[in-house]
Amino acid sequence: MSNLAVLGLQWGDEGKGKIIDLVAEHFDIVVRCQGGNNAGHTVKAGGQVFKLSLVPSGILRPGKISVVGNGVVIDPRAFMEEVDGLRDKGVPVDGNLLVSNRAHVVFPYHPVMERSTEASPGGRRIGTTARGIGPCYEDKAARRGIRVADLLSTDTFPDRFRSIAKEKAAVAAAAGIEGPTWDTDASVAGYLEMAERLRPFVRDTTRYLNDAIRQGKRLLFEGAQATMLDIDFGTYPFLTSSNATAGGLCTGSGVSPRMLHDIVGVAKAYATRVGEGPFATEVTGPSGDSLRAAGAEFGTVTGRPRRCGWLDLPLLRYAHAINHLSTLFVTKLDVLDSLDRIPVCTGYRYKGSPIDWMPAVAEEYAEVQPVYEELRGWNSPTPTIRDFGRLPQAAKDYIAFVQDRIEVEIGGVSTGPDRDQSIIRPGSVLARIAGA
Ligand code: GDP
Ligand code: IMO
Ligand code: MG
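Since the structure is predicted, the reported quantities are computational estimates derived from the model, not experimental observations.

It is not clear to me how the site of ligand 1 should be interpreted in this structure. Could you clarify?
Surrounding ligand 1, one finds 17 residues, the nearest of these being Lys-16, Gly-40, Thr-42, Asp-334 and Ser-414. At a separation of 3.4 Å, an oxygen atom of ligand 1 approaches a polar side-chain atom of Arg-306. Here an oxygen atom of ligand 1 and a backbone polar atom of Gly-416 are 3.0 Å apart. Within the complex, the protein chains bury 91% of what would otherwise be the 590 Å² of accessible surface of ligand 1. Secondary-structure elements contributing two or more residues to the shell around ligand 1 are α1 (16-23) and β3 (41-45). Counting residues per element, the shell around ligand 1 draws most heavily on α1, at 3 residues. Of the residues in the shell around ligand 1, the class split is 1 nonpolar, 9 polar and 7 charged.

Right, here's the structure in full:
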């Protein structure tokens, strides 16, 4: 039985949550593999709006199992708040939501450490979500992290936490960190309480997923963040601390690459970015403001206004190369509905010469000159259109242009936030995947 991944291709917030929710009905298990509560996935379904962060968007589909994999970093309090919020909205979470015992835990010293690096005068401010995600992954890589299984070992956890917290306090003092830090005794008590609330969800999810594969179950992998925020392939250092590209799905779940059969890339019909870092096609001033207003581009997690710009085809070609997509889902096409002309970046020039690959160095990427072609706008509303053939001709031309330049099928188009404001092209790879 074939498995599927849904990944963001730009700087996040492409609408991955909506697409996961849309296709989840065809799968048995939805798995998150990386990131933490820096992710914010908004899904509109059944007249309700759900803002998911750590919990996979598959949770909204009855009868599906949602798994938070080993590659995710978990703030137990944020997780339980999300679970309680879902329960309040009548979404079942008991028995159908599992958390990996190998996932690393975010502790109160992580956001404190992050505040210090973000404020450091000599350092480079990333504009993070301030959830302690980067410092938690740092501890994981440094082999001093505390995992969910360690938190649940309540006889040994307090000593372990106290000893690491003491080291962190020394680092914080040496760095002259200002503002509130953490209370170690209160943290121990709070985390012991959280451990008991978390315990019913915890499993060896790697074993669970591999058993499920043997039983012929279909898996849907839910990406968080996106290619240009990937720790290896994004605009380093202005990115997140995990692998948000295809490879991260395997290391973050314990499922072999041979079990990843299809990959759907999700891209907005334009581009956005939250936080610092280069953004070649960024549009500031009134055009950027009107894109932001039309697309309601404010962060789900932090509420920050998202930087907006035009569609960047070299970037999407790069993302396609890294992820080797089966098909592409273009979201938020409706946001362009009222434009007469739509600029699309078709190439980059660097120091006067054309380049055909993403520079590895952020400072170089910041100097890249985008080359634009202007396409005809369609100037008519698309949100009620459910059939690809009924899209305005100029919208179809826009899609065809993008498809030709990226050399990957555009199998789906989204024209509004609702589950049903989605068009899957008949005969496309996406139609085959969704219908199989
Ligand atoms: P994610 O992080 O990739 O899941 O994306 P977010 O949920 O952070 O951001 C996408 C936002 O766009 C959400 O508020 C969605 O409800 C909304 N959205 C998704 N698809 C569409 C679309 O086709 N049109 C419009 N107007 N909004 C959309
Ligand atoms: P979803 O899954 C958009 C950005 C932050 C910051 C950088 C590092 O909703 O697409 P971090 O807190 O991860 O250390 O911040 O990455 N960022 C996101 N931007 N969508 C996200 O997730 C993001 N997760 C992190 O704004 O620039
Ligand atoms: Mg988001």
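So that's the structure; there's more coming.
How should the site of ligand 2 be read in this particular structure?
Taken together, 20 residues lie around ligand 2, and Lys-16, Asn-38, His-41, Thr-129 and Thr-240 are the ones closest in. Side-chain polar atom of His-41 to an oxygen atom of ligand 2: 2.8 Å apart, as the coordinates give it. One of the backbone nitrogen or oxygen atoms of Gly-127 is found 3.4 Å away from an oxygen atom of ligand 2. When ligand 2 is considered free in solution it has 560 Å² of accessible area, and contact with the protein chains removes 97% of it. Partitioned by chemical class, the residues of the shell around ligand 2 number 7 nonpolar, 10 polar and 3 charged.

Help me understand the side chain of Arg-306, please; the structure alone is not making it clear to me.
Within the secondary structure, Arg-306 is located in the loop between α10 (285-295) and β13 (307-309). Judged by relative accessible area, Arg-306 falls into the buried class, the value being 6%. A polar contact is formed between the side chain of Arg-306 and the side chain of Asp-13, at a distance of 3.0 Å. A polar side-chain atom of Arg-306 sits 2.6 Å from a polar atom in the side chain of Glu-297. When residues no more than four places from it in sequence are discounted, the contact partners of Arg-306 are Asp-13, Lys-268, Thr-272, Arg-273, Val-274, Arg-292, Ala-296, Glu-297, Phe-298, Gly-299 and Thr-300.

Would you mind showing me how to read the packing of helix α11 (residues 313-323) against helix α13 (residues 393-406) here?
For any two helices packed against each other, one specifies the inter-axial angle together with the distance between the axes. Contact geometry of α11 with α13 gives a least axis separation of 9 Å together with a crossing angle of 50°. The angle between the axes of α11 and α13 places the two elements in the oblique class. Considering only the axes of α11 and α13, their crossing is right-handed. Contacts between α11 and α13 involve Leu-313, Leu-316, Arg-317 and His-320 from the former and Phe-401, Val-402, Arg-405 and Ile-406 from the latter. Split into classes, the residues belonging to the contact of α11 with α13 amount to 5 nonpolar, 1 polar and 2 charged.

I tried to follow α10 on my own but got confused; where do I start?
Every α-helix winds through 3.6 residues per turn, so residues three or four apart in the chain are directed the same way. For α10, every residue scored as buried is listed here: Gly-288, Leu-291, Arg-292 and Gly-295. Along the axis of α10, the buried residues cluster in a sector spanning 100°; they form a single face. Turned more than 90 degrees off the buried face of α10, the exposed positions are Pro-286 and Ala-293. In the core, the buried residues of α10 are packed alongside β13. A positive backbone phi angle near 50° is found at Ala-296, which sits one or two residues after α10.

Mind showing me how you'd approach the packing of helix α2 (residues 76-88) against helix α7 (residues 184-198) here?
The contact between α2 and α7 brings their axes to 10 Å, and the two run at 45°. By the angle between their axes, α2 is oblique relative to α7. For the crossing formed where α2 meets α7, the hand is left-handed. Residue-level inspection shows Pro-76, Arg-77, Phe-79, Met-80, Asp-84 and Arg-87 of α2 in contact with α7, the latter providing Gly-190, Tyr-191, Met-194, Arg-197 and Leu-198. When its residues are assigned to classes, the contact of α2 with α7 shows 6 nonpolar, 1 polar and 4 charged.

Hey, could you run me through the coordination of the magnesium ion (ligand 3) in this one?
The expected angle between donors at a tetrahedral four-coordinate metal is 109.5 degrees. At an octahedral six-coordinate metal it is 90 or 180 degrees. All of the protein donors around the magnesium ion (ligand 3) are Asp-13 (OD) and Gly-40 (O); their distances to the metal are 2.0 to 2.1 Å. Separated by 27 residues along the polypeptide, Asp-13 in the loop between β1 (4-8) and α1 and Gly-40 in the loop between β2 (29-32) and β3 bring together distant segments of the chain. For Asp-13, a relative accessible area of 21% corresponds to the partly exposed category.

Teacher, can you tell me more about the nonpolar core here?
Here is a general trend for soluble globular proteins: nonpolar side chains tend to be buried in one another's company. The biggest cluster of nonpolar side chains holds 70 residues, and the ones touching the most others in it are Phe-221, Leu-333 and Tyr-398. At 7 residues, the largest contribution of residues to this core is made by α13. Setting aside its immediate chain neighbours within four residues, Phe-221 contacts Asn-3, Leu-4, Ala-5, Val-6, Ile-20, Val-31, Cys-33, Leu-249, Ser-253, Val-255 and Leu-260.

What's the story with the pairing of strand β16 (residues 341-350) in this structure? I'm lost.
Summarising burial for β16: 8 of the 10 residues are buried, a large majority. Taken together, the 3 bridges between β16 and strand β17 (residues 353-355) define a ladder with antiparallel strand orientation. Residue Arg-349 lies in a different strand from β17, and its bridge partner there is Pro-354. Remark: 2 residues form the turn of the hairpin made by β16 and β17, two consecutive strands paired antiparallel; Lys-351 in that turn has positive phi of roughly 50°.

Just to check I follow, could you spell out the sheet that holds strand β10 (residues 219-222) for this structure?
What the 10 strands build is an open sheet, ordered β9-β7-β5-β2-β10-β1-β11-β15-β19-β20; its pairing is mixed. Every other strand in the sheet has two partners, leaving β9 (202-203) and β20 (422-424) as the edge strands with one partner each. Along the sheet, α13 contacts β15 (327-331) and β19 (410-414); its crossing angle with β19, the most-contacted strand, is approximately 140°.

Each value, and the rule that gives it
Residues numbered from 1 in each chain as written. Chains lettered and ligands numbered in written order. Predicted model: local features only at pLDDT ≥ 70, side-chain atom pairs only at ≥ 80, totals over all residues. Heavy atoms only, no water. Near = heavy atom within 4 Å. Polar contact = N/O pair within 3.5 Å; in protein donor to acceptor, adjacent residues only side chain to side chain. Areas by Shrake-Rupley, 256 points an atom, 1.4 Å probe, with all protein chains shown as cover. Helix = DSSP H or I, 4+ residues; strand = E, 2+ residues; numbered from the N terminus. Nonpolar A, V, L, I, M, F, W, Y, C, P; charged D, E, K, R; others polar. Buried < 20%, exposed > 50% of the residue type's maximum accessible area, 1.4 Å probe, protein only. Contact = heavy atoms within 4.5 Å. Axes fitted to C-alpha atoms, helices over the stretch in contact; angles between N-to-C directions. Parallel < 35°, antiparallel > 145°, perpendicular 65-115°, else oblique. Left-handed = near helix turned anticlockwise from the far one by under 90°. Arc of directions from axis to C-beta. Donors = N, O, S within 2.8 Å, 3.2 Å for Na, K, Ca; no water. Core = buried A, V, L, I, M, F, W, Y, C linked by side-chain atoms within 4.5 Å. Pairing = 2+ DSSP bridges.

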